[in-house]
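Overview (structure and organization)
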Amino acid sequence: MNRLPGEKRAYFLKAGEGARYRVAGQLATYLARAGDTGGLLEVVVLAGGKGAGFPLHSHRRTREAMVVLEGSVELWLGARKYRMSAGDFANVPPGTAHGYAMQSHRTRILSWTVDGDAGGIYAEAGEPTEGYSYLPGPPAPLEPRQSSLDIAFGADAAIAPGGPAPYVLESGEGERLITGDSLFTFLADQSHTGGSFIALTTQGPKSERIPKHFHEKHTETFLCLQGAMTMWIGDEEVALAPGDFVHAPPGAIHAYRTDAPYTNFMGILAPGLFEPFFRTLCDPYDDYIYPPQPLPVRFDRVIARLPELDLKLVERPGPPR
Ligand code: FE
């Protein structure tokens, strides 16, 4: 593994690996392109220095979302400007003018797109590179340009949004659900994305492996943010450190286990139809850290609703802890 497959397949990327382009003074590293996910999802990490950015633009169909991974970013979103730092999330529905300027000497942003081809802009506007970093020196701005992709530059390109509103969440905020000692935080659910994706973080201490399973309809991605985890994907067992990424397309058998005293990972699932699984398994939770003693794991509720959920178990879940 460690390379993008160019076809819909399960794969694993070590931190920094992926298809890389130099664009607008930044390094854009694709973790997933449309061709790798059957057109369901594109994921890119944008790394740059202070002052690097992307000019105001909007998308007609493409839904975009981003999480700041490192440093801080000034984000223009609709009529507002935000200062975002690591862990903060922005949801950018179609028709929302947006752009950013990196504010730290090393800044990294995770950005993903669904429903349109705007995620191709970094490959279209950039130069492919085998390098692993952006270049020293003042970052050259991206000149607003004509593109055949779903991207229109300029603040006046904004189309009045009729759907979900854009928003920014501070790190840790978002609807929280608990099962055992796994804390799920929804950055976006289907109501925020027209059903096209859901995005959530999973935090917890060391855990047992979850049951091996696969999905028939949605593609699932895992990005380790903190701590350590082991993933089983197809026939492979891989150890994930922060920055490592796994793609599990429909049909790919997978499972994970968290291995560090504190682990936090991102999941982007497209389309978003797996949301009911979390609502079935978990209970609402008000706090921002998992409890010292695990709460009940109500996998019995999942089993009772299994035919409605996009979940095929290939082994029996263990007894509740
Ligand atoms: Fe899964």
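Preceding this section is the structure that the text describes.
Here's what I pulled together on the structure shown here. (Residues numbered from 1 in each chain as written. Predicted model: local features only at pLDDT ≥ 70, side-chain atom pairs only at ≥ 80, totals over all residues. Heavy atoms only, no water.)

**Quick notes on the coordination of the iron ion**
Coordination angles at a metal have ideal targets, namely 109.5 degrees for four tetrahedral donors and 90 or 180 degrees for six octahedral donors. Cut-off, in case you're wondering: As a rule, N, O and S atoms within 2.8 Å of a metal are its donors, except that Na, K and Ca use 3.2 Å; water is not among the atoms, so sites may look incomplete. Just to be clear on the cut-offs, tetrahedral is four donors with all angles between 85 and 135 degrees, square planar is four donors and octahedral six with opposite donors over 155 degrees apart and all others between 65 and 115, and anything else goes down as irregular.
Looking at the iron ion, the protein donor atoms are H213 (NE2), H215 (NE2), E220 (OE) and H254 (NE2), and they sit 2.1 to 2.2 Å from it. Of note is the iron ion, whose four donor atoms meet at the metal with angles of 82 to 167° in an arrangement that counts as irregular.

**Comments concerning empty space enclosed by the protein**
Over the atoms rolls a probe the size of a water molecule, and its path tells where empty space is left. The cut-off we apply is this: Definitions used for this entry: grid spacing 1 Å over protein atoms alone; cavity, a set of points where a 1.4 Å probe fits but cannot get out; pocket, an open set with protein on both sides within 12 Å along at least 5 of 7 lines; lining residue, one with an atom within 4 Å of a point. Grid points are joined across faces, edges and corners, and a volume is the space filled by probe spheres set on the points. Secondary structure is summarised from DSSP: a helix means a run of H or I of at least four residues, a strand means a run of E of at least two, and numbering begins at the N terminus for each.
Taken as a whole, this structure holds two cavities of 30 Å³ or more when the rule is applied. Put simply, the largest cavity is a space of about 80 Å³. Along the walls of the largest cavity sit 15 residues, with H57, H59, E64, H98 and Y122 positioned nearest its centre. Contributing elements (two or more residues each) for the lining of the largest cavity: β5 (53-58), β6 (63-70), β10 (98-102), β11 (107-114) and α1 (121-125).

**With respect to the layout of surface pockets**
What counts here: Classification convention: Asp, Glu, Lys, Arg as charged; Ala, Val, Leu, Ile, Met, Phe, Trp, Tyr, Cys, Pro as nonpolar; all other residues, Gly among them, as polar.
The calculated volume of the largest pocket comes to roughly 830 Å³. Lining the largest pocket are 42 residues, with I210, P211, L281, V297 and F299 positioned closest to its centre. Listing elements by their share of the lining of the largest pocket, those giving two or more residues are β16 (182-188), β17 (198-204), β19 (219-226), β23 (254-258), β24 (263-270), α3 (275-281) and α4 (299-305). If you tally residues by element for the lining of the largest pocket, the top one is β17, at four residues. What lines the second largest pocket is a set of 39 residues, among which L69, R108, L223, C224 and L225 lie closest to the centre. Of all the secondary structure elements, the ones that give two or more residues to the lining of the second largest pocket are β3 (26-32), β4 (42-48), β6, β16, β17, β19 and β24. Looking at the lining of the second largest pocket element by element, the count peaks at four residues for β19. Its residues placed into classes, the lining of the second largest pocket shows 21 nonpolar, twelve polar and six charged.

**Observations concerning the nonpolar core**
Formally: Only buried residues count toward a nonpolar core. Its members are Ala, Val, Leu, Ile, Met, Phe, Trp, Tyr and Cys residues joined through side-chain atoms within 4.5 Å. Here's how the labels work: a residue is buried when its accessible area is under 20% of the maximum for its type, exposed when over 50%, partly exposed in between, all with a 1.4 Å probe on protein chains only. Any two residues whose heavy atoms approach within 4.5 Å at even a single point are treated as in contact.
By size, the foremost hydrophobic cluster in this structure holds 53 residues, and its most contacted members are F89, W112 and Y122. Once you skip the residues sitting within four places of it in the chain, Y122 turns out to touch Y21, V23, A28, Y30, V44, L46, F54, E64 and S111. By size, the runner-up hydrophobic cluster in this structure holds 15 residues, among which are L200, F277, F299 and L309.

**Here's the deal with the side chain of Q203**
Using the following cut-off: Polar contact criterion, stated in full: a pair of N or O atoms within 3.5 Å, where within protein one must be able to donate a hydrogen and the other to accept it, and residues adjacent in sequence count only if both atoms are side-chain atoms.
Inspection of the secondary structure assignment puts Q203 in strand β17. Here Q203 falls in the buried class, since its relative accessible area comes to 11%. A polar atom in the side chain of Q203 sits 2.6 Å from the side chain of Y262. Apart from the residues lying within four places of it in its own chain, the contact partners of Q203 are D181, S182, L183, T185, Y262, T263, N264, Y288 and Y290.

**Here's the deal with the sheet that holds strand β7 (residues 72-77)**
To keep things clear, this is the line we draw: Any two strands with at least two DSSP-identified bridges between them are counted as paired.
Sheet architecture is open: five strands sit in the order β8-β7-β10-β5-β13, paired in antiparallel fashion. The strands lining the two open edges of the sheet, one partner per strand, are β8 (80-85) and β13 (152-153). In the sheet, β7 pairs with β8 via six bridges, with the strands oriented antiparallel. Note that in β8 the partner of L75 across the bridge is Y82.

**Here we look at the state of the cysteines**
Rule in force here: Disulfides are defined in this document as cysteine sulfur pairs within 2.5 Å.
Under the criterion given, the structure shown has zero disulfides. As a non-bridged cysteine, C224 has C282 as the owner of its nearest cysteine sulfur, 20 Å distant. With a relative accessible area of 1%, C224 lands in the buried category. When its relative accessible area of 4% is taken as the criterion, C282 is described as buried.

Interpretation note: all reported values are geometric properties and have no functional meaning in isolation.
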